[in-house]
Amino acid sequence: MKVAKRHLQLGRRSEPATDDELVPLALSTDSDTMEDQTIDQAPDTFQTPPSSPPHENGFPNGDILYREKVRDKVKDDPETRCGYWSCRPQILQKCNNPKCLLLFLSFFSMAQGFVVNGINNVSTTSVERRFQLPSSRVGMISSSYDLSAAILGIFISFMGSGRQKAKWLAWGCLSMAVGSFIMAMPHFTSGKYEWGQDISLACSKEDSPVDCSSDSELQHYLYVLILGQLLHGLGGTTLYTVGVSLIDDSVPASSSPMYIGILYAFATLGPAMGYIIGGQLLEIYVDFDTVPSSDVRIKSDDPRWVGAWWIGFIIASMLFIVAAVPISLFGAELPSAKHVRETRVSEMHGDDGTMISSVSSEGRKLRDLKFLPKQILQLLKTPPFLFITLAGATEGMITSGFATFMPKFIQNQFGVSAGWAAMLTGFMAVPGAAGGQFFGGYLCKCLKLKVKGCIRVAIICSSCAVLVSSVLWIRCNPGNVAGVSREYLNSTNTVLPELIHTCNKDCRCHTELYEPVCDSNGVQYFSPCHAGCSIESSNSESYSSCSCTAPTPETNVSMVTVGKCEDDCKMLYVFMPMIFVSIFLLFVPSPPAVAATLRCIHDSHRTLGLGLKWFIVRLLGTVPGPILFGAIIDNTCVIWREKCGQRASCWIYNNDKLSLNFFIFVVCFKLVSITFFVLAHQMYKPPSEKKVKYVVSDSENINSDSVVSGVTIVTESDAGI
């Protein structure tokens with residue numbers, strides 16, 4: 001430890017120092033700091049530091065001395081006032097603060113989560129049925145959001161890294177409004193949904209003509225839905241790069257994780273609303289606006305049912321328009337941003353103090369794009385930033401896949417309707433994510449965690465999430481489905497699955513439509529045709545003369561009733577609380593990871609850093625995530641919907657294999673994520689800091705009549721503390 005001591009004289013004074021005299025050296029006119037002064041350059045007098053500790057106002061209190069009372073007001077800059085052009089009334093300035101900004105951005109993020117991670121995911125099964133799509137292609141709809149956000153994210157984050165961030169956010173709102181409206185358009189142009197109301201599913205020995213043209217045309221609407229998601233991605237990447245950076249620019253460093261945690265919590269409350277509202281909408285028939293309810297003879301628990309998936313997108317479009325108005329009123333930056341820049345201490349990885357933080361007074365210009373490659377390279381050469389980003393990519397692969405297919409997973413593993421599965425997801429899983437986001441930000445604020453502390457939180461919570469991922473093994477018995485999970489009556493050595501048997505081989509059965517029926521022995525059949533039933537009752541609720549079922553002892557008549565066999569499985573009530581805990585732990589690391597990302601890079605690179613981070617996270621994580629999960633689900637399908645020799649959506653899955661695939665997928669990628677967090681923790685180098693101690697002692701070489709005391713300055717290197 002190197003110690004340098006020097007004695008300075010203090011003149012006697014009759015009154016205490018005023019507040020204006022207690023100015024930190026960093027704000028003085030002298031360009032040299034206390035540590036850089038030599039003995040020959042020592043001032044004649046020296047002002048002692050204030051006796052009371054610095055204010056706990058969220059700003060780091062390192063080497064510089066802070067005022068005993070921090071100024072609350074900043075110079076009134078017309079460009080920072082709320083309003084449009086020259087119309088900036090005083091009443092609007094009451095909302096020109098970080099809390100109101102957080103309120104409006106939280107509403108924006110909630111609307112974004114409502115449509116992207118709520119309504120879109122709730123509608124997965126309905127879109128599959130309505131437009132004859134397999135899960136892997138439906139996964140492309142969700143992935144297109146992240147693909148758009150990844151491609152445009154770097155450009156938007158770079159161009160939006162100057163001032164006028166609020167204007168970029170307003171345009172992002174409008175982009176998402178248009179995207180939501182486009183995603184609802186296929187309902188109005190695709191015609192009425194055909195669920196098989198004119199097709200008899202009883203056993204028939206005659207071939208029925210099949211029209212293949214309509215189905216192929218329906219599958220083309222996939223590209224319209226992808227276009228809407230591309231526009232959603234444009235607005236979403238603006239929110240999570242420019243919006244997060246705007247919040248971080250406007251609040252103290254210790255408060256930033258809390259603000260970001262609240263923003264992310266609202267972003268996960270949006271899907272909760274989407275799942276609950278969307279689940280209710282799925283109980284409404286898709287064509288309720290054009291088809292009388294009396295003509296709809298199927299119920300919401302019927303596999304052929306398609307709910308009103310499109311209404312949620314119309315609601316979301318209106319929400320985005322409402323959000324765009326107040327956000328567009330904010331000025332170039334918040335009035336508090338200048339004070340935050342002047343008082344914030346760098347935590348940049350390996351900072352030696354040579355880089356100077358600056359913010360352009362004007363927005364970015366297209367000619368500034370020539371500096372983009374150099375800044376990207378500088379960010380990628382920062383190890384903590386790179387490894388935290390890669391960890392986020394693996395986390396994103398898991399969260400995006402679950403967000404897309406969680407309702408479908410619950411529906412198939414526990415045998416509930418699509419609407420009820422969506423509502424269960426909204427009740428339990430999504431609030432778990434919101435609570436995890438909020439708790440992660442609150443933990444960072446309470447413990448005043450710096451970069452390494454934030455990364456430790458991510459490591460611990462990710463490790464706990466691995467342990468509770470065993471919840472994916474909880475499921476209900478799929479039941480006795482003839483030709484799928486059990487053999488037909490009087491059949492031996494049958495390789496399952498095999499729906500065609502000697503008892504129904506002459507019935508010309510197909511898998512285009514799925515109408516499960518149940519016999520008196522609790523055996524379920526794919527359709528009345530596969531049960532060999534030739535007579536349909538007048539109310540279409542039962543079939544008789546079934547060649548594949550045993551006759552009932554009472555009537556000696558073989559018959560089946562429409563609907564799945566009843567199941568008294570209660571495992572769903574065990575699954576929901578555990579999946580709540582699992583998703584809570586999965587989302588706790590998110591705010592600490594974002595805070596660590598913002599702290600370990602230079603101030604002027606934060607917006608671009610977020611854009612680059614989300615580019616990598618989406619390109620390597622959230623884009624392939626839904627596609628991989630969809631492929632995993634399709635790989636477990638045992639009975640496909642087939643028409644004209646082509647596979648469309650899946651009717652029945654192998655539940656055991658589905659749980660196994662999901663468990664292996666989650667555990668493997670969580671372990672990779674933990675590895676990246678550990679590497680980020682180990683390779684982070686805190687900035688070199690020096691601490692100054694002030695020791696008051698009696699002077700030995702000074703006349704006691706003229707001087708009362710001396711000050712010894714002890715400078716200690718950071719390595720020795």
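Residues numbered from 1 in each chain as written. Predicted model: local features only at pLDDT ≥ 70, side-chain atom pairs only at ≥ 80, totals over all residues. Heavy atoms only, no water.

Visitor: Quick question: what am I supposed to make of the sheet that holds strand β3 (residues 524–525) here?
Guide: Strand pairing in a sheet relies on backbone hydrogen bonds. The paired strands run either parallel or antiparallel. On the basis of which strands lie adjacent, the open sheet formed by five strands has the order β3-β2-β6-β5-β4 and antiparallel pairing. Sheet topology places β3 and β4 (533–536) at the edges, where each strand pairs with a single neighbour. When strand β2 (residues 517–518) meets strand β6 (residues 559–562), the two strands line up antiparallel, connected through two bridges. By the bridge assignment for β6, valine 517 is matched with valine 562. (Pairing = 2+ DSSP bridges. Helix = DSSP H or I, 4+ residues; strand = E, 2+ residues; numbered from the N terminus.)

Visitor: Honestly, the side chain of serine 106 in this entry has me stumped. Any pointers?
Guide: Summarising the element assignment, serine 106 is placed in helix α1 (residues 98–122). With residues up to four places along the chain from it excluded, the contact list for serine 106 reads Ile262, Leu263 and Phe266. (Contact = heavy atoms within 4.5 Å.)

Visitor: Explanation requested: the environment of leucine 612 in the structure shown.
Guide: Mapped onto the secondary structure, leucine 612 falls in helix α16 (residues 606–622). Considering only alpha carbons, one finds leucine 612 and alanine 150, 462 residues apart in sequence, at a separation of 8.4 Å. Setting aside residues up to four positions removed in sequence, leucine 612 forms contacts with Ile154, Ile376, Leu379, Leu380 and Phe385.

Visitor: I tried to follow helix α10 (residues 372–380) on my own but got confused; where do I start?
Guide: An α-helical segment advances 3.6 residues per turn. Residues three or four places apart therefore align on the same side. Taken residue by residue, α10 has Leu372, Gln375, Ile376 and Leu379 as its buried positions. Looking straight down α10, one finds its buried side chains confined to an arc of 100 degrees; they lie on one side. Away from the buried face of α10 by more than 90 degrees, exposed residues Pro373, Lys374 and Leu377 are located. (Buried < 20%, exposed > 50% of the residue type's maximum accessible area, 1.4 Å probe, protein only. Arc of directions from axis to C-beta.)

Visitor: Can you walk me through the state of the cysteines in this structure?
Guide: Put plainly, a disulfide is one covalent bond tying together the sulfur atoms of two cysteines. According to the stated counting rule, one finds six disulfides in the structure shown. Here cysteine 476 engages in a disulfide with cysteine 569; their sulfurs sit 2.0 Å apart. Its torsion about the S-S bond being -85 degrees, the disulfide of cysteine 476 and cysteine 569 is classed as left-handed. Within this pair, whereas cysteine 476 is found in the loop between α13 (451–468) and β2, its partner cysteine 569 is found in the loop between β6 and α14 (572–587), the two being separated by 93 residues in sequence. Owing to a relative accessible area of 5%, cysteine 476 belongs among the buried residues under this scheme. Residue cysteine 569 is classed as partly exposed on the basis of its relative accessible area of 24%. The disulfide that involves cysteine 503 links it to cysteine 548, with 1.9 Å between the sulfurs. Linking cysteine 503 and cysteine 548, the disulfide has an S-S dihedral of approximately 100 degrees and is accordingly described as right-handed. A residue pair is termed long-range when its members are at least 10 positions apart, and cysteine 503 in the loop between α13 and β2 and cysteine 548 in the loop between β5 (542–546) and β6 qualify at 45 residues. Just as cysteine 503 is buried, cysteine 548 falls in that class too. As a non-bridged cysteine, cysteine 464 has cysteine 461 as the owner of its nearest cysteine sulfur, 6.3 Å distant. (Disulfide = S-S within 2.5 Å.)

Visitor: It is not clear to me how the pattern of salt bridges should be interpreted in this structure. Could you clarify?
Guide: It is possible for side chains bearing opposite charge to pair when their charged atoms get close. Under the definition given, this model contains seven salt bridges. With its nearest N and O atoms 3.3 Å apart, the salt bridge here joins lysine 165 to aspartate 249. Taken together, the positions of lysine 165 in helix α4 (residues 165–189) and aspartate 249 in helix α6 (residues 221–250) put the pair 84 residues apart, joining distant regions of the chain. Look at aspartate 249 and you get partly exposed, because its relative accessible area is 23%. (Salt bridge = Lys/Arg side-chain N within 4 Å of Asp/Glu carboxyl O.)

Visitor: Please clarify how the confidence of the model for the protein should be interpreted in this entry.
Guide: In low-pLDDT segments, the atomic positions of the prediction should not be examined closely. Counting all residues, the mean pLDDT for the protein is 77, and 78% of those residues have values of 70 or more. This model gives residues 355–361 a pLDDT under 50, and the stretch forms 13 contacts once residues within four places in sequence are excluded. (pLDDT = per-residue confidence, 0-100.)

Visitor: Mind showing me how you'd approach the pairing of β6 here?
Guide: As paired elements, β5 and β6 share three bridges and run antiparallel to each other. Paired with serine 544 across the two strands is methionine 559, which belongs to β6.

Visitor: Sorry, what's going on with the packing of helix α17 (residues 624–635) against helix α18 (residues 655–683) here?
Guide: Angle between the axes and distance between the axes: these two values describe a pair of packed helices. Running from N to C, α17 and α18 point in directions that differ by 150 degrees, and their axes come no closer than 9 Å. Relative to α18, the element α17 lies roughly antiparallel. For the pair α17 and α18, the crossing hand works out as right-handed. Here Leu628, Phe629, Ile632, Ile633 and Asn635 of α17 lie close against α18, whose contacting residues are Lys657, Leu658, Asn661, Phe662 and Phe665. (Axes fitted to C-alpha atoms, helices over the stretch in contact; angles between N-to-C directions. Parallel < 35°, antiparallel > 145°, perpendicular 65-115°, else oblique. Left-handed = near helix turned anticlockwise from the far one by under 90°.)

Visitor: What is the right way to read the nonpolar core from this model?
Guide: Buried together is how nonpolar side chains tend to be arranged in soluble globular proteins. Within the largest apolar cluster, 75 residues are counted, with the highest numbers of intra-cluster contacts made by Phe108 and Trp309. If we ignore the near neighbours within four places in the chain, the residues touching tryptophan 309 are Ile119, Ser123, Ser126, Arg130, Phe131, Met183, Pro186, His187, Leu225, Leu282 and Val286. (Core = buried A, V, L, I, M, F, W, Y, C linked by side-chain atoms within 4.5 Å.)

Visitor: Which parts of the structure should I look at to understand the environment of asparagine 121?
Guide: Topologically, asparagine 121 is positioned in helix α1. Asparagine 121 sits 286 residues away from proline 407 along the chain, and the two C-alpha atoms are 7.6 Å apart. Residues in contact with asparagine 121, not counting those within four places in the same chain, are Val116, Ser142, Tyr275, Ala403, Thr404 and Pro407. Engagement of the side chain of asparagine 121 in a polar contact is seen with the backbone oxygen of asparagine 117, the distance being 2.8 Å. (Polar contact = N/O pair within 3.5 Å; in protein donor to acceptor, adjacent residues only side chain to side chain.)

Visitor: In this structure, what is going on with a nonpolar patch on the surface? I would like to understand it.
Guide: A cluster of nonpolar side chains, namely Leu147, Ile151, Leu152, Leu619 and Leu620, defines an oily patch on the protein surface of about 420 Å² accessible area. Of all the secondary-structure elements, those providing two or more residues to the nonpolar patch are α3 (135–159) and α16. Within the element layout of this structure, leucine 619 appears in helix α16. (Patch = residues over 30% accessible without salt bridge, like charges linked within 9 Å, V, L, I, M, F, W, Y side chains within 5 Å. Areas by Shrake-Rupley, 256 points an atom, 1.4 Å probe, with all protein chains shown as cover.)

Visitor: Where do I start with the pairing of strand β7 (residues 637–643) in this structure?
Guide: Every regular strand shows the same layout, with side chains that alternate between the two sheet faces. Burial analysis of β7 places five of its seven residues in the buried class, the great majority of the element. Note that β7 and strand β8 (residues 646–653) share five bridges and pair antiparallel. By the bridge assignment, isoleucine 639 is partnered in β8 with isoleucine 652.

Visitor: Would you mind going over the packing of aromatic side chains with me for this structure?
Guide: Between two aromatic rings, the relevant description is the distance of the centres plus the angle of the planes. Following the criterion strictly, the structure yields 24 aromatic pairs and no others. Measuring from centroid to centroid gives 6.2 Å for phenylalanine 108 and phenylalanine 320, while their planes differ by 90 degrees, and the two rings are edge-to-face. Of this pair, phenylalanine 108 sits in helix α1 while phenylalanine 320 sits in helix α8 (residues 311–328), and the two are 212 residues apart along the sequence. Take phenylalanine 320: its relative accessible area is 0%, and that puts it in the buried class. Both rings, one in tryptophan 473 and one in phenylalanine 663, keep their centres 5.6 Å apart while their planes meet at 50 degrees; by these two values the pair is tilted. Note that tryptophan 473 is positioned in the loop between α13 and β2 and phenylalanine 663 in helix α18, a separation of 190 residues in sequence. What makes phenylalanine 663 partly exposed here is its relative accessible area of 22%. Each residue in the set Phe402, Phe409, Phe414, Phe575, Phe629, Phe662, Phe665 and Phe669 is aromatic and connected to the rest through ring pairs, giving one cluster. Between the NZ or CZ atom of arginine 130 and the centre of the ring of phenylalanine 131, over which it lies, the distance is 5.5 Å. (Phe/Tyr/Trp six-rings, centres within 6.5 Å; stacked < 30°, edge-to-face > 60°. Lys NZ or Arg CZ within 6 Å of the ring centre and 35° of its normal.)

Visitor: What's the story with the side chain of glutamine 93 in this structure? I'm lost.
Guide: With respect to the helices and strands, the residue glutamine 93 is situated in the loop between β1 (7–11) and α1. Classification of glutamine 93 by relative accessible area gives buried; the value is 13%. Within the structure, glutamine 93 has its side chain in polar contact with the backbone nitrogen of cysteine 82 (distance 2.9 Å). Non-local contacts of glutamine 93, meaning those with residues more than four positions away in its chain, are made with Arg81, Cys82 and Arg88.

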